[in-house]
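# Tertiary structure, described
These are the residues of each chain, in order.
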Amino acid sequence: MTENQEVLPVPFHEESIERYFAAWNATDDVLDKAVSAALTEDATYTDPLADVAGHEGIAAVIRGARAQFPGFEFRVSGSLDAHHHVARFGWELVSQADGSAPVAGFDVVALAEDGRIRSVSGFLDRVPGA
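Predicted model, so just to flag it, every value in this text is computed and none were measured.

Strand order in the open sheet formed by 6 strands is S2-S1-S6-S5-S4-S3, with mixed pairing between adjacent strands. Looking at which strands have only one partner, the edges of the open sheet turn out to be strand S2 (50–53) and strand S3 (72–83). Here the average twist between neighbouring strands, direction ignored, is 20°. Where strand S4 (residues 86–95) lies against strand S5 (residues 103–111), 8 bridges are found, and the strand directions are antiparallel. By the bridge assignment, Trp91 is partnered in S5 with Gly105. Its contacts with the sheet put helix H3 (residues 54–68) on strand S1 (39–47), S2 and S3, and the angle it makes with S1 is roughly 45°.

Written as structure tokens, this is what we have:
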């Protein structure tokens, strides 16, 4: 490891991921604030269905997912794997009514120095009708 590479403690990553999930689960009245707390202004979000940048674009993706799956919430699945400024984790979209999880995947994120996410690469492992 070179001297300019910093290994961050896992709690740093955990706090960042908690803010990320808070944004995905935020109600519309606090969504913009939650996105700002979790992601940098120029953050990018890319998955098989979206490729956007900035708070406005990311909030639009979240609003779209929440509209498509009302009564569901995003939850971490499995354990967080992290090093340096990078983390990966699984997630599920879980019904608050019956606990079913029709959508699941994993994300890889890069963190900025302030702990906010600067990029998300998302992968879908399970989708309805696929």
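Evaluated as defined, the whole model comprises 9 aromatic pairs. Ring centres of Tyr20 and Phe21 lie 5.9 Å apart, and the angle between their planes is 85°; this geometry places the pair in the edge-to-face category. Take Tyr20 and Phe21: they sit in the same class, and that class is buried. Taken together, the aromatic side chains of Tyr20, Phe21, Trp24, Tyr45, Phe74, Phe89 and Trp91 make up a single cluster linked through ring pairs.

Approximately 360 Å³ is the volume found for the largest pocket. Contributing to the lining of the largest pocket are 20 residues, with Asp47, Leu49, Ala65, Val103 and Leu124 lying nearest its centre. Sorting the residues of the lining of the largest pocket by element identifies helix H1 (10–24), S1, H3, S4 and S5 as the ones contributing at least two each. Here the element with the most residues in the lining of the largest pocket is H3; it accounts for 4 residues. Residues belonging to the lining of the largest pocket are distributed by class as follows: 16 nonpolar, 2 polar and 2 charged.

Calculation notes
Residues numbered from 1 in each chain as written. Predicted model: local features only at pLDDT ≥ 70, side-chain atom pairs only at ≥ 80, totals over all residues. Heavy atoms only, no water. Pairing = 2+ DSSP bridges. Helix = DSSP H or I, 4+ residues; strand = E, 2+ residues; numbered from the N terminus. Axes fitted to C-alpha atoms, helices over the stretch in contact; angles between N-to-C directions. Contact = heavy atoms within 4.5 Å. Phe/Tyr/Trp six-rings, centres within 6.5 Å; stacked < 30°, edge-to-face > 60°. Buried < 20%, exposed > 50% of the residue type's maximum accessible area, 1.4 Å probe, protein only. 1 Å grid on protein atoms, 1.4 Å probe; cavity = no way out; pocket = protein on both sides within 12 Å on 5 of 7 lines; lining within 4 Å. Points joined across faces, edges and corners; volume = space filled by probe spheres on them. Nonpolar A, V, L, I, M, F, W, Y, C, P; charged D, E, K, R; others polar.

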